[in-house]
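Remarks on the overall topology
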Amino acid sequence: MQPLKCALRTGQTLRQSPLSSVIGQILRTYRTTNHLNAEVYPELEKQQDDRLQRDFSSRLAAGPTFQHFLRNASVPQEKSDSSATVEDPPPYLTPEALLGRGRKVYLETYGCQMNVNDAEIAWAILQKSGYLRTNTLHEADVILLVTCSIREKAEQAIWNRLKRLKFIKARRLRSQVPLRIGILGCMAERLKEEILHREKLVDIVAGPDAYRDLPRLLSLADSGQRSANVLLSLEETYADIMPVQTSSNATSAFVSIMRGCDNMCSYCIVPFTRGRERSRPIASILEEVKKLSQQGLKEVTLLGQNVNSYQDKSEMQFNNAMPTHLSRGFSENYKTKKGGLRFADLLDQVSRVDPEMRIRFTSPHPKDFPDEVLQLIQERNNICKQIHLPAQSGSNRVLELMRRGYTREAYLDLIHHIRESVSGVNLSSDFIAGFCGETEDDHLQTLSLLQEVRYNVGFLFAYSMRQKTRAYHRLQDDVPEEVKQRRLAELIAAFREGATEANMAMVGHMQLILVEGPSKRSTTELCGRNDGNIRVIFPDIEMGDGIDCRGLIRAQPGDYVLVKITSSNSQSLKGVALCRTSLQEYSAHC
Ligand code: 5AD
Ligand code: SF4
């Protein structure tokens, strides 16, 4: 960036240099200063320079003006609105070159719900650029994998998938448009151009903050350049992109409220792949939730790496908001956040949009559960009484090594406090088996925590060392793989025992179930979810319409049904349907 700024400031270099070197300078500078800093695969660089310079010479007359150049040169790296990529293309890519021209995109998503949401955002951007969507791999002109890096296994799945895609690409007929393959998301961010080196079939690599750049990256691929954009942003929340819901009969949707994470748990790659924490302005979240309600959706899950650390400072008056507190006994490892609208404000406003719409949120950190959040969950009928409290370990020594910012005792106090504050709450958690330095005694403490809490839902993982993390730099991955697997199996067994007991407590009770559709196992049964997000199966029979039975109906996806639970196991419940009802009618009567 520096030499060009100099040139422009003095106004000399550009006039005095031979044309080719000026163009070369502009191209090099363009790569480092322009909106999204493409990192171009180096082997191709010289070839590209030659071609682009030729191309550039022929376009120079109509090419970039000084005005255009100055505008781009002064764009800061982190942009608040990078939608200019689509509306204001660089001069050597015409607006037409950015268009999909009916090419079909196949999106394959790996990993967490954030990735599902990211796929919808990526698709919304490409759809706007004239691409079409296909759900059939063999019809695709562009295959995009939205990837996950959280554990080694997740990445291995992508490498294996790429091997399969190699055959499809090789078999592509010359008469067809060339097949493009792209890697999006966390693995793109972590491995960057290494993916282009290792798998020559990959054409584009786009990190989680670079989806607006997809049309440009794809059009660069058309001109023979394999390219990557892995620039992380401090501001990108895709607030103005309305994700396209992929399933037409969906009853529920995910709404992204924040991105990134500042917590830096020592085992976790997320802060490195998804960048710093930033929250989407409340106005755009409310707008999306209202649209989903108008479309008839009955459930919204607020999404983020750290949802309850939400902080919207987008408007001046928000900074007068009352400060919130951490959960009792929790220390924040990093600087505390002041001002702005916080998670309780967001929950309050989102839950007022539609009293028939269930609100869930994931994934929270246990440190951010102040009483105002718990009170709201207890008070509002449409905020589900389901809380995910990732514990990770039951041993203080390991929690310290993980830099979780709480002790076992503080965590258990929080569990008791939540159970006192939110009646009938369902709890879920994440645990890691075999973290660095974990002894048999540490493991026993994790087992005892699982036995003590008895979660309804659990996500349990064997530790997988990730490069860049604090653990990678400072700790030893010293628990042998077979020990990790044995401990994981023991944690799973303890979790199942607890969940079986916790779910059994629901037998004989009436629950409000949001119907999702026919059960996978039997067409004569319906499947839905209770308030605690546990799957409930019940016979698809005629039932009364309303608690006061205003007629007979068959329940449809999106209906609320009152179900009496008759049996349970560690994962699901079974019951009999009593009547169709509504969230408000149920809350008034039951
Ligand atoms: N190894 C195993 N599990 C991990 N998780 C995060 N990083 C790792 C890792 N390196 C788990 C944590 C987190 C969940 C999303 O994934 O339990 O809460
Ligand atoms: Fe990873 Fe910890 Fe952030 Fe969760 S809170 S995303 S585990 S760093």
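Residues numbered from 1 in each chain as written. Chains lettered and ligands numbered in written order. Predicted model: local features only at pLDDT ≥ 70, side-chain atom pairs only at ≥ 80, totals over all residues. Heavy atoms only, no water.

In plain terms, the rule: UniProt positions are given in the numbering used here, feature names are shortened, and annotations may be inferred rather than shown by experiment.
Looking up the protein in an unreviewed UniProt entry gives the name Mitochondrial tRNA methylthiotransferase CDK5RAP1, with the organism given as Monodelphis domestica. One UniProt comment on the protein, placed under Catalytic activity (unreviewed entry), says "N(6)-dimethylallyladenosine(37) in tRNA + (sulfur carrier)-SH + AH2 + 2 S-adenosyl-L-methionine = 2-methylsulfanyl-N(6)-dimethylallyladenosine(37) in tRNA + (sulfur carrier)-H + 5'-deoxyadenosine + L-methionine + A + S-adenosyl-L-homocysteine + 2 H(+)". Annotation of the protein in UniProt includes, under Sequence similarities (unreviewed entry), the sentence "Belongs to the methylthiotransferase family. MiaB subfamily."

**Observations concerning the overall build of the protein**
Operational definition: Helix numbering and strand numbering both begin at the N terminus, where a helix is a DSSP run of H or I of at least 4 residues and a strand a DSSP run of E of at least 2. Think of it in three bands: with a 1.4 Å probe and only protein chains considered, a residue is buried below 20% of the maximum accessible area for its type, exposed above 50%, and partly exposed in between. The contact definition used throughout considers only heavy atoms, calling two residues in contact when any of these lie within 4.5 Å. Surface accessibility in these figures is a Shrake-Rupley result with a 1.4 Å probe; residues are shielded only by whichever protein chains are displayed.
Each helix and strand counted, the protein has 21 helices and 24 strands in total. Scored against the burial criterion, the 590 residues of the protein give a buried share of 55%. Taking the intrachain contacts of the protein between residues at least 6 apart in sequence as the baseline, contacts between residues at least 24 apart amount to 74%. Here the protein has roughly 26,000 Å² of accessible surface; of this, 52% comes from carbon and sulfur atoms.

**Quick look at the site of ligand 1**
Under the convention used in this document: The nearness test applies per residue and asks whether one of its heavy atoms lies within 4 Å of the molecule or strand. Counting of polar contacts relies on pairs of N or O atoms within 3.5 Å, with two restrictions inside protein: one atom must be capable of donating a hydrogen and the other of accepting it, and residues adjacent in sequence are counted only when both atoms are side-chain atoms. Charged residues are taken to be Asp, Glu, Lys and Arg, nonpolar residues to be Ala, Val, Leu, Ile, Met, Phe, Trp, Tyr, Cys and Pro, and polar residues to be all remaining types, Gly included.
The immediate surroundings of ligand 1 are formed by I150, R151, Y267, Q392, D430, I432, F461, A462, Y463, S464 and R466. In this structure, an oxygen atom belonging to ligand 1 sits 2.7 Å away from a side-chain N or O atom of Q392. At 2.6 Å from an oxygen atom of ligand 1 is found a side-chain nitrogen or oxygen belonging to D430. For ligand 1, whose accessible area on its own is 400 Å², the fraction buried by protein is 87%. Residue assignment for the shell around ligand 1 shows that the elements contributing at least two residues are β16 (426-433) and β17 (457-462). Grouping the amino acids of the shell around ligand 1 by side-chain chemistry returns six nonpolar, two polar and three charged.

**What to know about the sheet that holds strand β8 (residues 252-256)**
Applicable threshold: Criterion used throughout: strands pair if DSSP finds at least two bridges between them. For helices, the axis comes from a line fit to the C-alpha atoms of the stretch in contact; other axes are also lines fit to C-alpha atoms, and the angle between any two N-to-C directions lies between 0 and 180 degrees.
An order of β8-β11-β14 is seen for the three strands of this open sheet, with the pairing classed as parallel. On the outer flanks of this sheet lie β8 and β14 (358-362), each paired with one strand and no other. Here the average twist between neighbouring strands, direction ignored, is 25°. Inspection of the sheet shows strand β11 (residues 299-303) paired to β14 by five bridges, in the parallel sense. Note on β14: the bridge partner recorded for E299 is R358. Strands β8 and β11 of the sheet are contacted by helix α7 (residues 113-128), whose axis makes an angle of about 90° with β8. The strands touched by helix α13 (residues 282-294) are β8 and β11; relative to β8, the strand with the most contacts, the crossing angle is about 170°.

**Some words on the site of ligand 2**
Close to ligand 2 lie C261, N263, M264, C265, Y267, C268, V270, P271, Q305, H365 and R404, which account for all nearby residues. Looking at the shell around ligand 2 residue by residue, the class counts come to seven nonpolar, three polar and one charged.

**A few points about the packing of α13 against helix α14 (residues 343-353)**
Put simply, the test is: In what follows, roughly perpendicular refers to angles from 65 to 115 degrees, roughly parallel to angles under 35, roughly antiparallel to angles over 145, and oblique to any angle outside these ranges. Note on convention: the crossing is left-handed when the near helix lies turned anticlockwise from the far helix by less than a right angle, right-handed when the turn is clockwise.
Relative to each other, α13 and α14 sit at 25°, their axes nearing to 9 Å. Judged by the inter-axis angle, α13 sits roughly parallel to α14. By crossing handedness, the relation of α13 to α14 is classed as right-handed. Mapping the contact onto sequence places I282, I285, L286, V289, K290 and S293 in α13 and D345, L346, Q349, V350 and V353 in α14. Residue composition of the contact of α13 with α14, by class: seven nonpolar, two polar and two charged.

**Examining the pattern of salt bridges**
Stated formally: For this analysis, a salt bridge means a side-chain nitrogen from Lys or Arg found within 4 Å of a carboxyl oxygen belonging to Asp or Glu.
Throughout the structure, instances matching the rule amount to 41 salt bridges. A salt bridge links D141 to R172, with the shortest nitrogen-to-oxygen separation between them at 2.6 Å. One end of the pair, D141, is in the loop between β3 (132-133) and β4 (142-147); the other, R172, is in the loop between α8 (152-170) and β5 (180-185), with 31 residues separating them in the sequence. For D141, a relative accessible area of 12% translates into the label buried. Since its relative accessible area comes to 16%, R172 is described here as buried. The closest approach of N and O atoms between R190 and E155, which form a salt bridge, is 2.6 Å. On the criterion of sequence distance, the pair formed by R190 in helix α9 (residues 186-191) and E155 in helix α8 is long-range, its members being 35 residues apart. Comparing R190 with E155, the two get one shared label, buried. If you follow the salt bridges from partner to partner, you end up with R101, R103, K169, R180, D203 and D222 in one network.

**A look at the nonpolar core**
Going by this rule: Throughout this description, the term nonpolar core refers to a set of buried Ala, Val, Leu, Ile, Met, Phe, Trp, Tyr and Cys residues connected via side-chain atoms within 4.5 Å.
Within the largest apolar cluster, 59 residues are counted, with the highest numbers of intra-cluster contacts made by L302, F343, L347 and Y455. The dominant element in this core, judged by the number of residues it contributes, is helix α17 (residues 408-421), at six residues. Excluding anything up to four places from it in sequence, L347 contacts L302, I359, F361, V373, L376, I377 and I383.

**Quick word on the confidence of the model for the protein**
So the rule is basically this: For every residue, the predictor reports its confidence as pLDDT, a number between 0 and 100.
Counting all residues, the mean pLDDT for the protein is 85, and 82% of those residues have values of 70 or more. Predicted confidence is poor over residues 1-88, with pLDDT under 50, and the contacts of this stretch with residues over four places away or in other chains come to 125 contacts.

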